[in-house]
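# Structure at a glance
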Amino acid sequence: MSLKNNMADVFSKLDDLKTVFKFGEKVVPIIQNLIEFMKEIVPLLEQINTSIADSTKQMPKATYQINDVTSATELATNEILDLVDQISNTLERLEASVDGLIEQSKSRDELRIKLLNVLAGNDEAISIFNEYEKLQITSGEIDEYKQIIKSVSEDTYKITLSLQVQDITTQQLGAVNHLIVSVNNRLSSLIENIEKSDLHSDIEELSIELPKDVHFDANATYNNREGKQDAVDELIEVENKKTTQAEIDELFK
Amino acid sequence: MDLTFLVVDDSVTMRRIVVNTLKNIGFVNYVEAADGKEALQKLHANTNINFVITDWNMPEMSGLELVKSIRGDENFANLPILMVTTRGVKEDIVEALKVKVSNYVVKPFTPAVLKDKIDQILSQ
């Protein structure tokens with residue numbers, strides 16, 4: 001009985017072994033495929049790792065370049081502002097000269113009347129004088145010059161206003177720079193952890209938020225449309241019209 | 001009215017533009033500061049300053065912190081403060097109103113808007 005039991009046990013174990021072999025037959029190709037896959041994927045992962053490491057090394061260079069761009073545009077903008085100031089000063093002097101011409105023109109008109117009275121009866125002298133007068137700048141022409149100076153002066157000032165774009169782009173570049181630095185930090189820590197084979201937590205940490213102490217506006221836009229200021233005015237009006245709790249309390253007393 | 005403005009902005013370009021605009025609309029007296037901290041120093045050193053125009057985003061001390069400091073000092077509690085900034089979202093404007101800025105201008109501004117806001121503040 002005992003031998004029979006032992007044999008049954010052996011057969012049962014052999015059956016198990018057979019199942020294991022059958023399972024093995026099915027699993028071995030899968031494992032082989034897995035090994036092949038690993039052989040292919042590991043160099044690829046190494047390549048990705050190297051690529052990320054290279055990109056990470058390039059990032060500080062990118063931030064320096066952005067800082068250079070910011071400095072260069074600020075320098076150029078200030079040079080333009082210097083020139084605009086020079087032009088404005090020249091225009092002011094020119095305008096003062098034209099004002100002087102207007103005064104001279106008034107005096108000349110008075111002298112002209114006196115001279116014509118003196119020349120009365122001398123047709124030849126009057127004719128020569130009239131020819132001479134035609135060569136003089138008229139008060140109409142002087143007014144026209146004044147209008148031109150005013151127009152150039154206004155256009156010059158518009159250039160100044162347009163240069164606000166420099167401040168706005170500086171803030172945008174500041175935001176880009178900050179993002180690059182943040183991505184760089186995250187990637188550096190990711191590379192470190194890839195080597196430790198701990199990917200999950202770092203991938204989850206890849207989302208980047210701007211800290212509150214930055215001194216740029218990431219949403220700065222150069223937009224000349226008045227709508228933006230109108231929206232601000234409207235909001236200020238609404239906020240200022242809000243009844244305070246103290247006022248409400250007063251009503252219920 | 002003979003006003004002396006304190007123009008606060010970390011951008012040299014913007015300070016020059018604001019100052020040029022002030023000159024253009026008839027205000028010739030001004031003092032400049034590059035951040036909130038410098039602005040406070042200038043404010044305490046120069047008793048003639050009677051109007052502040054400040055940016056929001058600045059290093060060292062932001063415009064918002066500057067407004068809080070000014071409003072926290074009883075000597076300057078009623079000093080007119082105009083915020084001129086790129087920040088145009090509702091939450092920012094509400095935050096600025098909470099710290100009691102006198103008015104708010106979004107960059108890029110026009111001389112007409114700046115003059116209008118200064119006039120509004122002065123007439124209050």
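Our subject in this report is the structure included herewith.

Procedures and definitions
Residues numbered from 1 in each chain as written. Chains lettered and ligands numbered in written order. Predicted model: local features only at pLDDT ≥ 70, side-chain atom pairs only at ≥ 80, totals over all residues. Heavy atoms only, no water. Helix = DSSP H or I, 4+ residues; strand = E, 2+ residues; numbered from the N terminus. Rg over C-alpha atoms; globule rule 2.2 N^0.38 Å. Buried < 20%, exposed > 50% of the residue type's maximum accessible area, 1.4 Å probe, protein only. Contact = heavy atoms within 4.5 Å. Areas by Shrake-Rupley, 256 points an atom, 1.4 Å probe, with all protein chains shown as cover. Buried area = accessible area lost by both parts, 1.4 Å probe. Salt bridge = Lys/Arg side-chain N within 4 Å of Asp/Glu carboxyl O. Polar contact = N/O pair within 3.5 Å; in protein donor to acceptor, adjacent residues only side chain to side chain. Nonpolar A, V, L, I, M, F, W, Y, C, P; charged D, E, K, R; others polar. Phe/Tyr/Trp six-rings, centres within 6.5 Å; stacked < 30°, edge-to-face > 60°. 1 Å grid on protein atoms, 1.4 Å probe; cavity = no way out; pocket = protein on both sides within 12 Å on 5 of 7 lines; lining within 4 Å. Points joined across faces, edges and corners; volume = space filled by probe spheres on them. Pairing = 2+ DSSP bridges. Axes fitted to C-alpha atoms, helices over the stretch in contact; angles between N-to-C directions. Core = buried A, V, L, I, M, F, W, Y, C linked by side-chain atoms within 4.5 Å. Right-handed = clockwise from strand over helix to strand, strands pointing away.

## Section: the overall build of chain B
Looking only at helices and strands, chain B has five helices and five strands in total. Starting at the N terminus and ending at the C terminus, chain B contains elements arranged as β-α-β-α-β-α-β-α-β-α. In summary, chain B has a C-alpha radius of gyration of 13 Å against a globular reference of 14 Å for 124 residues, a match within 12%. Oriented by its inertia axes, the alpha-carbon framework of chain B measures out at about 35 × 30 × 30 Å. Residues counted as buried form 60% of the 124 residues belonging to chain B. Within chain B, contacts between residues separated by at least 24 positions form 64% of all contacts whose residues are at least 6 apart in sequence. Of the roughly 5200 Å² of accessible surface on chain B, 46% is carried by carbon and sulfur atoms.

## Re the interface of chain A and chain B
Facing 32 residues of chain A, the contacting portion of chain B comprises 30 residues. Between chain A and chain B the total buried area reaches about 2700 Å² when both faces are included, carbon and sulfur atoms providing 58% of it. Here Arg-16 of chain B ties to Asp-85 of chain A by a salt bridge, and the two come within 2.8 Å at their closest N and O atoms. Connecting chain A to chain B are 10 residue pairs in polar contact (both at pLDDT 80 or more). Breaking the side of chain A that touches chain B down by element, the ones donating at least two residues are α1 (2-119), α3 (139-162), α4 (164-195) and α6 (227-241) of chain A. Here the side of chain A that touches chain B takes eight residues from α6 of chain A, the largest share from any one element. When grouped by side-chain class, the residues that make up the side of chain A that touches chain B number 12 nonpolar, 12 polar and eight charged.

## Some details on the packing of aromatic side chains
Residues and elements named next belong to chain B. Enumeration over the complete set of coordinates arrives at two aromatic pairs over all chains. Aromatic side chains Phe-5 and Phe-51 sit 4.8 Å apart centroid to centroid with 40° between the ring planes, which places their arrangement in the tilted category. Pair noted here: Phe-5 is in strand β1 (residues 4-8) and Phe-51 is in strand β3 (residues 51-54), with a separation of 46 residues, a long-range link. For the pair Phe-5 and Phe-51, a shared accessibility class is recorded, and that class is buried. Three or more aromatic residues joined by ring pairs make a cluster, and in this case those are Phe-5, Phe-27 and Phe-51.

## Things to note about unusual backbone geometry
What you tend to see is this: most non-glycine residues have negative phi, and most peptide bonds are trans. Residues and elements named next belong to chain B. Along the chain, Lys-107 connects to Pro-108 via a cis peptide bond; the corresponding omega equals -5°. Among the structural elements, Pro-108 can be located in the loop between β5 (103-106) and α5 (111-123). Phi at Glu-60 is positive, roughly 65°, even though this residue is not glycine. Looking at the element boundaries, Glu-60 is found in the loop between β3 and α3 (63-72).

## As for empty space enclosed by the protein
Residues and elements named next belong to chain B. In total, this model carries two cavities of 30 Å³ or more according to the counting rule given. By volume, the second largest cavity is sized at about 30 Å³. Lining of the second largest cavity is provided by Val-7, Val-8, Asp-9, Val-18, Ile-53, Thr-54, Asp-55 and Val-84. Looking at the lining of the second largest cavity, the elements that each hand over two or more residues are β1 and β3. Looking at the lining of the second largest cavity residue by residue, the class counts come to five nonpolar, one polar and two charged.

## Quick word on the sheet that holds β1 of chain B
Residue and element names in this part refer to chain B. Reading across from one edge, β2-β1-β3-β4-β5 is the order of the five strands in this open sheet, with parallel pairing throughout. Two strands in the sheet have a free side with no partner beyond their single neighbour: β2 (29-33) and β5. Within this sheet the neighbouring strands show an average axis-to-axis angle of 20°, counted without direction. Summarising the sheet, β3 and strand β4 (residues 81-85) pair through three bridges and their orientation is parallel. Paired with Ile-53 across the bridge in β4 is Leu-82.

## Some details on the nonpolar core
Leu-6, Val-8, Leu-43, Val-52, Ile-70 and Tyr-104 of chain B are the most contacted members of the largest nonpolar core, which has 31 residues in total. Only α6 of chain A together with β1, β2, α2 (36-45), α3, β4, α4 (90-98) and β5 of chain B provide two or more residues apiece to this core. Those residues in contact with Ile-70 of chain B, other than ones at most four positions away along the chain, are Leu-40, Leu-43, Val-52, Phe-76, Ala-77, Leu-79 and Ile-81 of chain B. Judged by nonpolar contacts, the second largest core, of 23 residues, contains Leu-3, Ile-17, Leu-22 and Phe-51 of chain B.

## As for the pairing of β4 of chain B
All names here are of chain B. In terms of residue burial, β4 counts as a mostly covered element, since five of its five residues are buried. In β4, alternate side chains face the same way, and those of Ile-81, Met-83 and Thr-85 on one face and Leu-82 and Val-84 on the other are all buried. Handedness of the crossover joining β3 and β4 through α3: right-handed. Inspection of the sheet shows β4 paired to β5 by four bridges, in the parallel sense.

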